[in-house]
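This is what each chain is made of:
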Amino acid sequence: VSVKTFHQPHPTYQCLLVLRCLYQRDSNPDVWKKLQNLESHCEERRKTPRYEEDRVAVAQFVRHFFNLQDFSEEQILRVCGIVQVNGHEVPVTEPPHVAIYETASLLEHHCRPNCSKSFTSSGGLIIRTAEPILKGKHLSICYSDALWGTANRRHHLSETKFFWCTCERCADPTELGTFFSAIRCKNSPCDGYLLSEHPLLQGTPEETPLNSEWRCHTCRAVVPVIEVLETLEKVGRYLSSMEKGDPRSCERFQEQFENLLHPNHFYLTDVQLALAQLYGQDCPEGLQGVGDEDLQKKIKLCRQLLALVDHLVPCKLLVLGTYSQDY
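Residues numbered from 1 in each chain as written. Predicted model: local features only at pLDDT ≥ 70, side-chain atom pairs only at ≥ 80, totals over all residues. Heavy atoms only, no water.

Q: Explain the pattern of salt bridges here, please?
A: When their charged atoms lie close together, side chains carrying opposite charge are able to pair. Inspection of every chain in the model, using the stated rule, returns 19 salt bridges. Here E175 makes a salt bridge to R169, at a shortest N to O gap of 2.9 Å. Here E175 and R169 have matching classes, each one buried. The residue R248 makes a salt bridge to D294 at a minimum N-O spacing of 2.8 Å. Highlighted residues: R248 in helix α10 (residues 247–257) and D294 in helix α12 (residues 292–312), separated in sequence by 46 residues. (Salt bridge = Lys/Arg side-chain N within 4 Å of Asp/Glu carboxyl O. Buried < 20%, exposed > 50% of the residue type's maximum accessible area, 1.4 Å probe, protein only. Helix = DSSP H or I, 4+ residues; strand = E, 2+ residues; numbered from the N terminus.)

Printed below as a string of structure tokens:
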């Protein structure tokens, strides 16, 4: 393999994990059998652009460039589906890599999972219970990012795992009382927040987001979803254009949008998580070099975030600060 062009991802890299899986058929039949038992969602994948990309960039490339003619295109695409549906991003390398874990593939999804997922330095996967679990209750992890809002999580799960989540958190417009996706009511002097009337309809094939409405939980005013989407798009654009690694930029974001979003909104939470880490990061002396004002801000932020995360996603060990070398 000779890679000579670096202005775009070389197709060879896209094939590596699939190649490793394919070679198990002859080199390790037991692993190959375990792989074949995993879900691939091939029928659902056929309807997506990703399927055609995999057909050209992976299946055809593997068959012709590597001359693996004894694997059919369908067999290779099935492995592509197994990797997409069951793969876990392992953050112990730079950049992160993707791995498949047989037992972890049996764990179901929930947007407020009761198990945490972490990795050893060698890439081993550790599943720990994040809270007491009663006998007979299902074990769950989050297949998406639990710190995204409901619409974002459900869309991501539909695109990558091929199901629309209907868990308790997704079905609850308040997201378990946190108002994690809520924006402020525009009716003055109302101090309420707008919530989706039908969060499980957002983005489904049967009902597009434009057909749903948001309602204030206090004054009951109704707002078309298009207005909500325009507001969130505006905030999202600002967030994307922000200077990274600068605590003052984060503070300006808070000041500009705290009167538009709920204090727990996922956009504000995202910025606050960054800000809590940035205070003191540029000081050679560490926290000892942080001024009293910034130190108090950091303490207040951390307490707020810990309370929110502990209630909404107790599985987030990295956020909660319980990440140890054992992980």
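Q: Quick question: what am I supposed to make of the packing of aromatic side chains here?
A: We describe a pair of aromatic rings using the distance from one ring centre to the other and the angle between the two ring planes. Summed over all chains, the structure comprises 12 aromatic pairs. With centroids separated by 6.0 Å and ring planes inclined at 80°, the aromatic side chains of F61 and F66 adopt a geometry described as edge-to-face. The exposure class assigned to F66 is partly exposed, which follows from its relative accessible area of 23%. Joined through ring pairs, the aromatic side chains of F61, F65 and F66 make up one cluster. Over the face of the ring belonging to F71 we find R25, whose NZ or CZ atom lies 3.9 Å from the ring centre. (Phe/Tyr/Trp six-rings, centres within 6.5 Å; stacked < 30°, edge-to-face > 60°. Lys NZ or Arg CZ within 6 Å of the ring centre and 35° of its normal.)

Q: Help me understand the sheet that holds strand β8 (residues 193–196), please; the structure alone is not making it clear to me.
A: Hydrogen bonds between backbone groups are what pair the strands of a sheet, and the pairing can be parallel or antiparallel. With antiparallel pairing, 4 strands are arranged side by side in an open sheet as β7-β8-β9-β10. Two strands bound the open sheet, and with one partner strand each, they are β7 (183–184) and β10 (222–224). Looking at chain direction, β7 and β8 are connected through 2 bridges and run antiparallel. Each residue of the ladder has a partner; that of I183, found in β8, is L194. Sheet strands touched by helix α9 (residues 225–241): β7, β9 (213–216) and β10. Its angle to β10, the strand with the most contacts, is close to 70°. (Pairing = 2+ DSSP bridges. Contact = heavy atoms within 4.5 Å. Axes fitted to C-alpha atoms, helices over the stretch in contact; angles between N-to-C directions.)

Q: Would you mind showing me how to read unusual backbone geometry here?
A: Phi is mostly negative for residues that are not glycine, and the peptide bonds are mostly trans. With an omega of 0°, the peptide bond running from E94 to P95 counts as cis. Considering the arrangement of structural elements, one finds P95 in the loop between β1 (87–90) and β2 (97–100). Look at the link from S188 to P189: it is a cis peptide, with omega at 5°. In this fold, P189 is placed in the loop between β7 and β8. At N67, a position not held by glycine, the phi torsion is positive, near 55°. Take N67: its relative accessible area is 55%, and that puts it in the exposed class. Of note, E175 is a non-glycine position whose phi angle comes to about 50°, a positive value. When you line up the elements, E175 lands in the loop between α8 (168–171) and β7.

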